Amino acid sequence: MAVFVALGAFLMTLAGGWTAQRVTDRRHLVLGLAGGLMLGVVGLDLLPEALHAAGDEVFGVPAALLLFVAGFLLAHLVERLLAARQAAHGGGEHSHRVPEVGLTAAAAMVGHSAMDGVAIGAAFQVGGGMGTAVALAVVAHDFADGFNTYTITSLYGNARRRALVMLWADAAAPVLGAASTTFVTIPENLLGGYLGLFGGALLYLAAAEILPEAHHEHPARSTLLCTVAGVGFIWLVVGLAG
């Protein structure tokens, strides 16, 4: 049942990526929406779940928050190191976008989607009602995951073929994650720590890369409205799933 439900996440992820491809003539709106979706996923979905799952404190601060900050700093460090390496080889003359950063970010999205599948499988092990609730939440926000995976990969200068490969990998990840729960169970505190770390990295990409790029050439009110709409959509999904 968990694998069957995860197929819904597979289709929703592809639908999100397809939508991102079809609106390339409104790139600033796509980026504004993607930034809002990422901000909503981090603040309204990932971080609360991370705080709940990894409740231990380290020197007075929740471990999930420490890993959240670490994820933000790690994403910044990785981008700076890759940009410096590209500049050293003469690749930074025309663009500050580093394709490897986009691929790394998309790979993190794939890892997150795999964990979504694990969450579906674990919830069905608890009970049918719990499994259904978690599955609805995952399937709903996987549209945003597919949208963001394609957008992030393309934003950093990767060819369309690479973006499609990452999109298909992101779509397949929940199915594989759900199937893996028949063999292994991930401790809740480790899962919470991962969500905190990933949330910090995702917030960095949204705040430092996606949103500034969205407003760089088109500082329009419509771009801002798309960002707010993205956050509102995730709020609706979280509310309905709860």
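Just so it is clear, the structure is predicted and the values come from calculations on it, not from any experiment.

Caption draft 1: Representation of the overall build of the chain within the structure. Counting its secondary structure elements, the chain contains eight helices and two strands. Sequence-ordered secondary structure for the chain, helices as α and strands as β, is α-α-β-β-α-α-α-α-α-α. The buried share among the 242 residues of the chain stands at 42%. Within the chain, contacts between residues separated by at least 24 positions form 82% of all contacts whose residues are at least 6 apart in sequence.

Caption draft 2: Representation of the layout of surface pockets. For the second largest pocket, the calculated volume is near 300 Å³. Surrounding the second largest pocket, 17 residues form its lining, Ala 75, Thr 104, Ala 105, Ala 108 and Ala 201 being those nearest its centre. Among the secondary structure elements, those contributing two or more residues to the lining of the second largest pocket are helix H3 (63-88), helix H4 (99-126) and helix H7 (188-216). Per element, the largest residue contribution to the lining of the second largest pocket is seven residues, and it comes from H7.

Caption draft 3: Focus on the environment of Gly 199. For Gly 199, the location among the structural elements is in helix H7. A residue is classified by how much of its surface remains accessible, and Gly 199, at 1% relative accessible area, is buried. Through-space distance from the C-alpha of Gly 199 to that of Ala 50 is 8.8 Å; in sequence the pair is 149 residues apart. Ignoring sequence-local partners within four residues, the contact set of Gly 199 consists of Val 42, Leu 46 and Phe 68.

Caption draft 4: Molecular detail of unusual backbone geometry. Unusually for a residue other than glycine, Phe 59 sits at a positive phi of about 55°. Here Phe 59 is to be found in the loop between strand E1 (57-58) and strand E2 (61-62).

Caption draft 5: View of the nonpolar core. Formed by 35 residues in total, the largest nonpolar core has its most connected members in Met 38, Leu 46, Ile 152, Leu 202, Leu 205 and Ile 210. Those elements giving two or more residues to this core turn out to be helix H2 (27-53), H3, H4, helix H5 (128-155) and H7. In this view, Leu 46 contacts Val 41, His 112, Leu 195, Phe 198, Gly 199 and Leu 202; residues no more than four positions away in its chain are not counted. In terms of nonpolar packing, the next biggest core, distinct from the first, is built from six residues, Ala 2, Val 5, Ile 120 and Ala 178 among them.

Caption draft 6: Highlighting the packing of aromatic side chains. Evaluation of the coordinates by the stated rule reveals two aromatic pairs. Taking the centre distance of 5.2 Å and the plane angle of 85° together, the rings of Phe 72 and Tyr 204 count as edge-to-face. Taken together, the residues Phe 72 in helix H3 and Tyr 204 in helix H7 connect sequence positions 132 residues apart. A relative accessible area of 29% places Phe 72 in the partly exposed class.

Caption draft 7: Quick look at the environment of Asp 56. For Asp 56, the location among the structural elements is in the loop between H2 and E1. The exposed category is assigned to Asp 56, whose relative accessible area is 56%. Taking C-alpha positions, Asp 56 is 8.4 Å from Asn 189, a pair spaced 133 residues apart along the chain.

Caption draft 8: Local environment of the side chain of Asp 170. Note that Asp 170 resides in helix H6 (residues 160-180). There is no salt bridge for the buried Asp 170, and the closest opposite charge comes from Arg 160, which lies 16 Å off by N-O distance. Among all residues touching Asp 170, those that are not within four sequence positions of it are Thr 13, Met 109, Val 110, Ser 113, Asp 145, Gly 146 and Thr 149.

Caption draft 9: Looking closely at a nonpolar patch on the surface. A cluster of nonpolar side chains, Leu 51, Val 58, Phe 59, Val 61, Leu 65 and Leu 66, forms an exposed patch at the surface whose accessible area comes to about 540 Å². With respect to the secondary-structure elements, Val 58 resides in strand E1.

About the cut-offs
- Residues numbered from 1 in each chain as written.
- Predicted model: local features only at pLDDT ≥ 70, side-chain atom pairs only at ≥ 80, totals over all residues.
- Heavy atoms only, no water.
- Helix = DSSP H or I, 4+ residues; strand = E, 2+ residues; numbered from the N terminus.
- Buried < 20%, exposed > 50% of the residue type's maximum accessible area, 1.4 Å probe, protein only.
- Contact = heavy atoms within 4.5 Å.
- 1 Å grid on protein atoms, 1.4 Å probe; cavity = no way out; pocket = protein on both sides within 12 Å on 5 of 7 lines; lining within 4 Å.
- Points joined across faces, edges and corners; volume = space filled by probe spheres on them.
- Core = buried A, V, L, I, M, F, W, Y, C linked by side-chain atoms within 4.5 Å.
- Phe/Tyr/Trp six-rings, centres within 6.5 Å; stacked < 30°, edge-to-face > 60°.
- Lys, Arg positive; Asp, Glu negative; His and termini not counted.
- Salt bridge = Lys/Arg side-chain N within 4 Å of Asp/Glu carboxyl O.
- Patch = residues over 30% accessible without salt bridge, like charges linked within 9 Å, V, L, I, M, F, W, Y side chains within 5 Å.
- Areas by Shrake-Rupley, 256 points an atom, 1.4 Å probe, with all protein chains shown as cover.

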